[in-house]
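One letter stands for each residue in the lines below.
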Amino acid sequence: MSFTPYTYFQCPCTESNLPTRRLGESTPTGEEESDQDDRTFDPRAPRANYSLYPLEHLLYCEDCHQIRCPRCVLDEIVTWYCPNCLFEVPSSTVKSEGNRCTRSCFQCPICVAPLSVSSTEAPPEGLGAEHATQSGPYVLNCAYCTWSSKEIGIQFDKPNGIFAQLSKIQNGGKPIVTPRERRKDREERTRDTSGSTMNEDGVVEDLPGTMNLDPHEQLDAESQFSNLKAFYQSQLADSSPASALGFTGEYGYGSPGALSRIMGLYTGGSFSEKKAKSKKGAMREAQDALEGLQITSPASEEKAVNRLLSEGWESTASAAQRKEQSHNAHFVSDLRPIAHLLRTKRSKRCRTCRHILSKPESKVQTTRFRIRLVALNYIPSISIKPLQPATLGRETFLTPMKPTQFLLTFKNPLFDSVKVNIATPASTPGRFASKVTILCPQFEVGANTDAWEEALREGGGKGTEREKKRTKAEASEGQNQAEAGKIWERGRNWVSVVVEVLPADLKIAGPAFMRSEELKKDDGPLREDEDVVEIPVFVRVEWEADAAHDDTTGLTAASRDKEVKEKRELAYWCVLGVGKIAQD
């Protein structure tokens, strides 16, 4: 199996977190804290999985001058939109209607494919049929699995506003009492004498303005919750009347509860103990479905079992189908069309200074960004490849105890030249320690300027081209011996240096002097990905950039003429995955 070398960067936000300690352990001393600061980054540690990212996934804060990962940024929603119709949804609608499209965008409850609206009537034929309009009723059809809302007894009067029409129809065509109608009926029932009257025979009659709701009806989850919430709100209002300031009994400024809490601060809680003995208003429980009481009858369970025995397992809904439904659906006939989930466009801010790092355009149709500070445009990119590429079709495994050289390339995206210092431990962390040597740890990378400008400034750039061709000629003639302290290859804004790796031997049983300290403590079998050589590299980048002065009144004329430069520095850890060690 082939192996592709990779490079991951560590975000510095993990270093700001204090290390966890077990109960009973003493606080770290100054020497321990200095040891923790100087410790080598271990890419095999469990926490390293949450701090290593490709360079393309990282952002850069221009105010903090630090790398920012998805964990150390704050997300802010710019806009909500439907991915099907690309309609921008206001945030007020999202809070009231939920995170669903409220137009005519639905998905099939069977296969989650988009549904289209069509008429149940046959299309017109003859002359002028293409200009004729079809009339209702209308249904939702799936072009993939041929499912139709007619199968569950749902038809619509209009081809638009399907979401509002569907919220008023049950499976089977029965109407649904909307929350507004339930609230209106609840307000009518709370009145003393406006909702009902008594005839001559002593029988209570409803007025024409009220609704006749069944007190024993089967409610859905939303209706039951709204009824329970309204019932207990009315009970709380009756048991604790509002004060003159608008607060209910326990929370008013002049209430006994507030006075006891204030006096308890000075007396040690004696008033709060007396308050517990005071009388409270009695509250009753819900009595019927109009107040939110839902009693499960055994007949419903028997009906579901009989239906399962008669229709078979194929009539039941799968776990994936039930997950997409807002109600508890056991059978396929209980499934309803699924409104499309809304998507968001988000901006990202630095968690430390609240500086905007990424902000997309508010228009749904465009994919452009107003602000996007990608780390790829601020820090040098790092790539690694073998110095001697393997032949086509040959397995690229590292031979144990045989030196292998790799080419480490730094590419500068800035318009200023940078000085790079790299350091790596003599041996990689882990049970099987491989030896690592960087032949040229300090070098300078040129600025990312235009190639023609560089040619005019350096008189054609013949020296650079001559050095570049000479190195390639030596490599083609077999003279590929790298020298310590010298770079291997240089370009306009990139530099390549040689890294020599001596892979470790993966044998558990061996001489004691060849085994690492961790292998002596743990001599278990080879674990997953333990044969991969990962090299932690500490990179320090220094460059001089234009100083940003907000107030130029204090500057002299000579300093205004000269370009003011300020020194900047950035240090971070990265991990190089160079290859797998061959196993005997």
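Please read these numbers as outputs of a predicted model, since none were measured by experiment. (Residues numbered from 1 in each chain as written. Predicted model: local features only at pLDDT ≥ 70, side-chain atom pairs only at ≥ 80, totals over all residues. Heavy atoms only, no water.)

Q: Could you clarify how one ought to interpret the overall build of the chain in this entry?
A: Broken down by element type, the chain carries 13 helices and 25 strands. Taking all 584 residues of the chain together, 32% fall into the buried category. Considering only residue pairs separated by 6 or more positions, the chain has 66% of its internal contacts joining residues 24 or more positions apart. For the chain, the accessible surface area stands at approximately 37,900 Å², while carbon and sulfur atoms represent 52% of it. (Helix = DSSP H or I, 4+ residues; strand = E, 2+ residues; numbered from the N terminus. Buried < 20%, exposed > 50% of the residue type's maximum accessible area, 1.4 Å probe, protein only. Contact = heavy atoms within 4.5 Å. Areas by Shrake-Rupley, 256 points an atom, 1.4 Å probe, with all protein chains shown as cover.)

Q: Could you clarify how one ought to interpret the environment of Trp573 in this entry?
A: Take Trp573: it is sitting in strand 25 (residues 565–581). With relative accessibility at 13%, the residue Trp573 sits in the buried group. Between the C-alpha atoms of Trp573 and Ile422, which are 151 residues apart in sequence, the distance is 9.6 Å.

Q: What's the story with the sheet that holds strand 15 (residues 369–372) in this structure? I'm lost.
A: Pairing between the strands of a sheet is mediated by backbone hydrogen bonds and can be parallel or antiparallel. A sheet is described by the order of its strands in space; here five strands give the open sequence 6-5-13-14-15, paired in antiparallel fashion. In this open sheet, the two strands that pair with only one neighbour each are strand 6 (88–89) and strand 15. Direction of pairing for strand 13 (residues 343–350) relative to strand 14 (residues 356–360): antiparallel, over a ladder of two bridges. Looking at strand 14, one finds that Lys348 is bridged to Ser358. (Pairing = 2+ DSSP bridges.)

Q: Quick question: what am I supposed to make of the confidence of the model for the chain here?
A: Low pLDDT means the predicted coordinates in that region are not meant to be read closely. Summing up the model confidence of the chain, the mean pLDDT is 79 and the portion of residues at 70 or higher is 72%. With pLDDT under 50 throughout, residues 17–25 is counted as low confidence; its partners more than four residues away or in other chains account for six contacts. (pLDDT = per-residue confidence, 0-100.)

Q: Explain the environment of Thr40 to me, please; I cannot follow it from the model alone.
A: Summarising the element assignment, Thr40 is placed in the loop between helix 1 (30–37) and strand 2 (52–53). Its relative accessible area of 41% is what places Thr40 among the partly exposed residues. Residues Thr40 and Thr428 lie 388 residues apart in sequence; the distance between their C-alpha atoms is 9.5 Å. If we skip the residues at most four places from it in the chain, Thr40 touches Pro425, Pro536 and Trp573.

Q: In this structure, what is going on with the state of the cysteines? I would like to understand it.
A: Disulfide: a covalent bond formed between the sulfur atoms of two cysteine residues. Evaluated as defined, the whole model comprises zero disulfides. Looking at the unpaired Cys105, the closest cysteine sulfur is the one in Cys85, lying at 3.6 Å. (Disulfide = S-S within 2.5 Å.)

Q: I would appreciate a short explanation of the packing of aromatic side chains in the present structure.
A: How two aromatic rings sit relative to each other is set out by the distance from centre to centre and by the angle between their planes. Going through the model one piece at a time under the given rule, you end up with nine aromatic pairs. Ring geometry for Phe231 and Tyr232: centres 5.1 Å apart, planes at 70°, overall edge-to-face. On the basis of relative accessibility, which here comes to 5%, the residue Phe231 falls in the buried class. Classification of Tyr232 by relative accessible area gives partly exposed; the value is 30%. In textbook terms, an aromatic cluster arises when at least three aromatic residues are bridged by ring pairs, as seen for Phe3, Tyr6 and Tyr8. Sitting over the face of the ring of Phe87, Arg103 holds its NZ or CZ atom 4.5 Å from the ring centroid. (Phe/Tyr/Trp six-rings, centres within 6.5 Å; stacked < 30°, edge-to-face > 60°. Lys NZ or Arg CZ within 6 Å of the ring centre and 35° of its normal.)

Q: Could you clarify how one ought to interpret the side chain of Ser148 in this entry?
A: With respect to the helices and strands, Ser148 occurs in the loop between strand 9 (138–142) and helix 3 (162–166). Only 3.0 Å separates the side chain of Ser148 from the side chain of Asn141, close enough to count as a polar contact. (Polar contact = N/O pair within 3.5 Å; in protein donor to acceptor, adjacent residues only side chain to side chain.)

Q: Hey, could you run me through the nonpolar core in this one?
A: Nonpolar side chains tend to gather and get buried jointly when the protein is soluble and globular. Of all hydrophobic cores here, the largest spans 55 residues; its most connected members are Ile379, Leu408, Phe410, Ile422, Phe443 and Val539. No other element matches the seven residues that strand 24 (residues 532–546) contributes to this core. Residues contacting Phe443, with those up to four places away along its chain left out, are Phe410, Val418, Lys419, Val420, Ile422, Ile487, Val495 and Val497. In this structure, Tyr138, Leu140, Cys142 and Leu166 belong to the second largest nonpolar core, which totals 15 residues. (Core = buried A, V, L, I, M, F, W, Y, C linked by side-chain atoms within 4.5 Å.)

Q: Looking at this structure, I do not really get the pattern of salt bridges. What am I missing?
A: Pairing is possible between side chains that carry opposite charge, provided their charged atoms lie close to one another. One pass over the structure, following the stated rule, counts 14 salt bridges. Ionic pairing is found between Glu530 and Arg431, a salt bridge with its closest N-O pair at 2.8 Å. In this pair, Glu530 sits in the loop between helix 12 (517–521) and strand 24 while Arg431 sits in the loop between strand 19 (418–423) and strand 20 (435–438), placing the two residues 99 residues apart along the sequence. Look at Glu530 and you get buried, because its relative accessible area is 10%. Residue Lys486 pairs with Glu483 through a salt bridge whose shortest N-O separation is 3.1 Å. Among the residues examined, Glu483 registers a relative accessible area of 45% and is labelled partly exposed. Taken together, the shared-partner salt bridges in this structure form one network comprising Asp75, Arg346 and Lys348. (Salt bridge = Lys/Arg side-chain N within 4 Å of Asp/Glu carboxyl O.)

Q: Sorry if this is basic, but what is going on with the pairing of strand 1 (residues 6–10) here?
A: Along a regular strand, successive side chains alternate from one face of the sheet to the other. Of all five residues that make up strand 1, four are buried, and the element is covered over most of its length. With four bridges connecting them, strand 1 and strand 25 associate as antiparallel partners. Each residue of the ladder has a partner; that of Phe9, found in strand 25, is Cys574. Pairing between strand 1 and strand 2: two bridges, direction antiparallel. Residue Gln10 lies in a different strand from strand 2, and its bridge partner there is Leu52.

Q: Can you help me understand a positive patch on the surface in this one?
A: A cluster of basic residues, Lys158, Lys168, Arg180 and Arg183, forms a positive patch on the protein surface. Note that Arg183 resides in helix 4 (residues 179–190). (Patch = residues over 30% accessible without salt bridge, like charges linked within 9 Å, V, L, I, M, F, W, Y side chains within 5 Å. Lys, Arg positive; Asp, Glu negative; His and termini not counted. Charge placed at Lys NZ, Arg CZ, Asp CG, Glu CD.)

Q: What's the story with the pairing of strand 5 (residues 73–81) in this structure? I'm lost.
A: Where strand 5 lies against strand 13, eight bridges are found, and the strand directions are antiparallel. Bridging across to strand 13, Glu76 finds its partner in Ser347. Judged from the two bridges that link them, strand 5 and strand 6 form a sheet pairing that is antiparallel. If you follow Tyr81 over to strand 6, its bridge partner there is Glu88.

Q: Would you explain the side chain of Asp531 in this entry?
A: Its location among the elements puts Asp531 in the loop between helix 12 and strand 24. There is no salt bridge for the buried Asp531, and the closest opposite charge comes from Lys580, which lies 4.8 Å off by N-O distance. Polar contacts involving the side chain of Asp531 include one to the side chain of Gln583, which spans 3.4 Å. Contact partners of Asp531, with chain neighbours within four places excluded, come to Leu506, Gly579, Lys580, Ile581 and Gln583.

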